[in-house]
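# A closer look at the structure
What follows is each chain in one-letter form.
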Amino acid sequence: MPVTGYIFIVCEGGKELKVKETLEKSDGFCEVRILYGPYDLVAKVEKDSIGELDSLVLKVRSMSEVVRTMTLVSL
């Protein structure tokens with residue numbers, strides 16, 4: 001069953017554009033947008049399984065410029 005995820009990302013100060021550009025160049029991210037509010041970015045991901053989505057979330061969390069994430073999943 002296809003899975004859509006929205007990864008909300010908090011970055012270190014001033015690192016939003018770097019993280020956005022890195023994710024846009026990476027496979028698996030449909031869209032990455034800058035936000036104003038408690039989160040700096042939101043990345044939309046569409047995958048075939050929750051496991052594939054989880055792999056991308058872990059990739060985002062491993063970035064040194066990322067402070068924390070919150071992921072919402074739509075089935």
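Provided above is the structure to which this section pertains.
The paragraphs below set out a description of the structure included in this document. Counting restarts for each chain, with residues numbered from 1 along the sequence as it is written. Predicted model: local features are reported for residues with pLDDT of at least 70 only, side-chain atom pairs are reported and counted for 80 or more only, and whole-chain, interface and lining totals are derived from all residues. No hydrogens and no water enter the side-chain calculation; it runs on all heavy atoms of the structure.

Our next topic: the overall build of the protein. For the protein, the count of helices and strands is two helices and four strands. What you see for the protein is a C-alpha radius of gyration of 11 Å, in line with the 11 Å of a compact globule of 75 residues. By its C-alpha atoms, the protein is 35 × 20 × 15 Å across when sized along the principal axes. Burial here depends on accessible area, computed with a 1.4 Å probe over protein chains only, as a share of the maximum for the residue type. Under 20% is buried, over 50% is exposed, and the range in between is partly exposed. Residues classed as buried in the protein amount to 36% of the 75 residues present. Taking all contacts inside the protein whose residues are at least 6 apart in sequence as the whole, residues at least 24 apart take part in 66%. Accessible surface for the protein amounts to roughly 4,600 Å². Of this, 52% is attributable to carbon and sulfur atoms. Counted charges follow a simple rule, with Lys and Arg positive, Asp and Glu negative, and His plus the chain ends left uncounted. By convention, the charge on Lys lies at NZ, on Arg at CZ, on Asp at CG and on Glu at CD. Distance between charge centroids for the protein: 3 Å, based on 10 positive and 12 negative side chains. Only DSSP runs of H or I reaching four residues or more are called helices, and only runs of E reaching two or more are called strands; each is numbered from the N terminus. Atoms counted for the radius of gyration: C-alpha only. Globule rule: 2.2 Å times the number of residues to the power 0.38. We call two residues in contact whenever any of their non-hydrogen atoms come within 4.5 Å of each other. A 1.4 Å probe and the Shrake-Rupley method give the accessible areas. Residues count as covered only by the protein chains that appear here.

Once that is clear, we can look at the nonpolar core. Considering soluble globular proteins, one finds that nonpolar side chains tend to be buried as a cluster. Here the nonpolar core consists of buried residues drawn from Ala, Val, Leu, Ile, Met, Phe, Trp, Tyr and Cys, with membership extended through side-chain atoms lying within 4.5 Å. If you look at the biggest cluster of nonpolar residues, it comprises 17 residues, and the most contacted ones within it are Ile-7, Ile-9, Val-19, Leu-23, Phe-29, Ala-43 and Val-60. Those elements that provide at least two residues to this core are β1 (3-11), α1 (16-25), β2 (29-34), β3 (41-47) and α2 (50-61). For Leu-23, the contacting residues outside a window of four places in its chain are Ile-9, Phe-29, Val-32, Ala-43, Val-60 and Met-63.

All right, on to the side chain of Thr-4 then. Inspection of the secondary structure puts Thr-4 in strand β1. Judged by relative accessible area, which is 18%, Thr-4 ranks as buried. Setting aside anything within four residues of it in sequence, one finds Thr-4 in contact with Lys-44, Val-45, Glu-46, Leu-72, Val-73 and Ser-74.

The subject of this paragraph is the pattern of salt bridges. Note that side chains of opposite charge can pair when their charged atoms are close. For this document, the term salt bridge refers to a Lys or Arg side-chain nitrogen within 4 Å of an Asp or Glu carboxyl oxygen. Per the counting criterion, the structure on display carries four salt bridges. Of the charged contacts in the structure, one is a salt bridge between Glu-65 and Lys-18, with a shortest N-O distance of 2.9 Å. Within this pair, whereas Glu-65 is found in the loop between α2 and β4 (66-74), its partner Lys-18 is found in helix α1, the two being separated by 47 residues in sequence. Its relative accessible area of 45% is what places Lys-18 among the partly exposed residues. A salt bridge links Glu-31 to Arg-33; the shortest N-O distance between them is 2.7 Å. When its relative accessible area of 49% is taken as the criterion, Arg-33 is described as partly exposed.

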